[in-house]
Amino acid sequence: MNTSLGAALAALEAVATKAGVDPSTAVAEGESLAATVAEPNKGAFADWAEQTGHAGDGAAEAFFDAAVRGRRFRVAPTPTMGVLELERSAHAPAYAAALADVASAAAELGTPDPRSVGNAAMASAAQLGGSSLDLRGPVVGFDTPSLVPRSGYSTNDPVATQPIPEPDKQPEPEKEPEQPTRSVEELLAELDALTGLDAVKKEIHKQAAVLRIEGLRKEAGLGRPTITRHLVFNGNPGTGKTTVARLVAGIYRALGLLTKGQLVECDRSELVAGYLGQTAEKTSQVVKSAEGGVLFIDEAYSLAGDQYGKEAIDTLVKEMEDKRDDLVVIVAGYPVPMAGFIAENPGLESRFRTMLDFADYTDDELVTIFASMAKAADYDADEAVLERLRAVLKDTERGPAFGNARFVRNELEAAIGRQAWRLRDVPAPTVEQLRSLSAADLGPDTVDIAKEQA
């Protein structure tokens, strides 16, 4: 029997408590992850609201707001998961597995849709990918084997092998043995392993070297120039900006420039409120959550042009000054609007002096990225699948809004959903069947799934 979302969230809260993580933060991450996974499912918001305690007149709005926030977690670890990974926390595997259980449970809210199965697979892979455990299992759905092991632990991990305590017991956080955090060299090696982005990699290596020497000069009591650590990432959607920002956060922590190294992502909607005066408070709260790490503002130029955005910018500039010793801000978006955004505000222009340009990926790079994503989610994409993807890419119009890696991720999520639908009537699929995608899975739906489900 599959775990309910409510039970999965309770287990996540228990793991967070054991790890010394704020339980309310963990539950909020889980709720957002669940909403984004379940978004395609008809009627999912009602089940989500009931099991998360958000039932009421604003249930639908709460669900869709959470789904928007959670879309980031289908691509990369949650902020808490990211910090646990950087710290090499012994609790990281259990936390990742609990998030994966949340994703799996969410796929069954409402009337299951194959797209939610793909969402769950990619979200689980994103959380489990760096947790030092390989708990991934293929999503099948539709009364077939589940996404990941439901136990929430691995026999290879000394902490995670302990049964997850009941949520109402609220055990005291355990003190973990000291573990070395991830080193600059490890993080730069991970950066170098990314597909493409040669110019960006070179600049990040340069920044790391400059900031390392600055730190050594400070320790030696030598004079040092004021080097701004804030960055501008110029590039179209899906060109790796968020992935690189997460690595930058880790590198800055490893260099001793940040105390935590978490990445907090936001956009205009999360900084701007409906009334003047409220925006400053809302922006300050977001900045506070990023203190000790990196605040990543996507499509930052959307803050320009009105008094609400101006209030957010003014508050941001003040917060950057007040927290200059333990906060880095990265603003990102399309190249031309970003240049105008920085130039029109002296407070921003003086703080954002380093700009990195993220080029669009080539077809070969996108195919490589697709294959890596499939492998991370424990799926096999053979040459026939990759050739089919090349054909899809060739027929896809390119423009500023083309999603790059986001486009191929969406293709993979859809393919996983189609595979699940293809196997829905197979009572006991083999491991090979569970893992294998076919070229036919990458293409337009050949059946009206909604009609067949009715």
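These remarks concern the structure in this document.

About the criteria used
- Residues numbered from 1 in each chain as written.
- Predicted model: local features only at pLDDT ≥ 70, side-chain atom pairs only at ≥ 80, totals over all residues.
- Heavy atoms only, no water.
- Helix = DSSP H or I, 4+ residues; strand = E, 2+ residues; numbered from the N terminus.
- Buried < 20%, exposed > 50% of the residue type's maximum accessible area, 1.4 Å probe, protein only.
- Contact = heavy atoms within 4.5 Å.
- Salt bridge = Lys/Arg side-chain N within 4 Å of Asp/Glu carboxyl O.
- Core = buried A, V, L, I, M, F, W, Y, C linked by side-chain atoms within 4.5 Å.
- 1 Å grid on protein atoms, 1.4 Å probe; cavity = no way out; pocket = protein on both sides within 12 Å on 5 of 7 lines; lining within 4 Å.
- Points joined across faces, edges and corners; volume = space filled by probe spheres on them.
- Nonpolar A, V, L, I, M, F, W, Y, C, P; charged D, E, K, R; others polar.
- Arc of directions from axis to C-beta.
- Phe/Tyr/Trp six-rings, centres within 6.5 Å; stacked < 30°, edge-to-face > 60°.
- Lys NZ or Arg CZ within 6 Å of the ring centre and 35° of its normal.

Thoughts on the overall build of the protein
When you go through the protein residue by residue, the secondary structure sums to 20 helices and five strands. Evaluated residue by residue, the protein yields a buried proportion of 51% over its 454 residues. Of the contacts formed within the protein by residues at least 6 apart in sequence, a portion of 75% connects residues at least 24 apart.

Overview of the pattern of salt bridges
The tally for this structure, following the rule as stated, stands at 23 salt bridges. Ionic pairing is found between Glu 190 and Arg 182, a salt bridge with its closest N-O pair at 2.5 Å. It is possible to trace a salt-bridge network through shared partners that takes in Arg 72, Arg 246, Glu 265, Asp 267 and Glu 270.

Observations concerning the nonpolar core
If you look at the biggest cluster of nonpolar residues, it comprises 57 residues, and the most contacted ones within it are Ile 204, Phe 233, Val 244, Tyr 252 and Ile 330. If we skip the residues at most four places from it in the chain, Ile 330 touches Leu 231, Phe 233, Ala 245, Val 248, Val 294, Leu 295, Phe 296 and Ile 297. The next biggest cluster of nonpolar side chains, apart from the first, holds 40 residues, and it includes Val 15, Ala 49, Ala 66 and Leu 99.

Some points on empty space enclosed by the protein
Scanning the entire structure with this criterion turns up two cavities of 30 Å³ or more. In this structure, the second largest cavity encloses a volume near 30 Å³. Considered class by class, the residues forming the lining of the second largest cavity number five nonpolar, one polar and no charged.

Examining helix 3 (residues 44-52)
Those residues of helix 3 that sit buried are Ala 44, Trp 48, Ala 49 and Thr 52. With its buried residues spanning 130° around the axis, helix 3 presents them on a single face. Residues of helix 3 that are buried sit in contact with helix 1 (5-19), helix 2 (23-38) and helix 4 (59-70). Count one or two residues on from helix 3 and you reach Gly 53, which has phi positive near 80°.

So, the packing of aromatic side chains
If you walk through the whole model with that rule in mind, you get five aromatic pairs. Measuring from centroid to centroid gives 5.5 Å for Trp 48 and Phe 63, while their planes differ by 70°, and the two rings are edge-to-face. Highlighted residues: Trp 48 in helix 3 and Phe 63 in helix 4, separated in sequence by 15 residues. Phe 63 shares its class with Trp 48; the two are buried. Relative to Phe 64, the ring of Phe 63 lies with its centre 5.0 Å away and its plane at 80°, an arrangement referred to as edge-to-face. Judged by relative accessible area, Phe 63 falls into the buried class, the value being 2%. Among the aromatic residues, those joined into a ring-pair cluster are Trp 48, Phe 63 and Phe 64. Between the NZ or CZ atom of Arg 398 and the centre of the ring of Phe 402, over which it lies, the distance is 4.4 Å.

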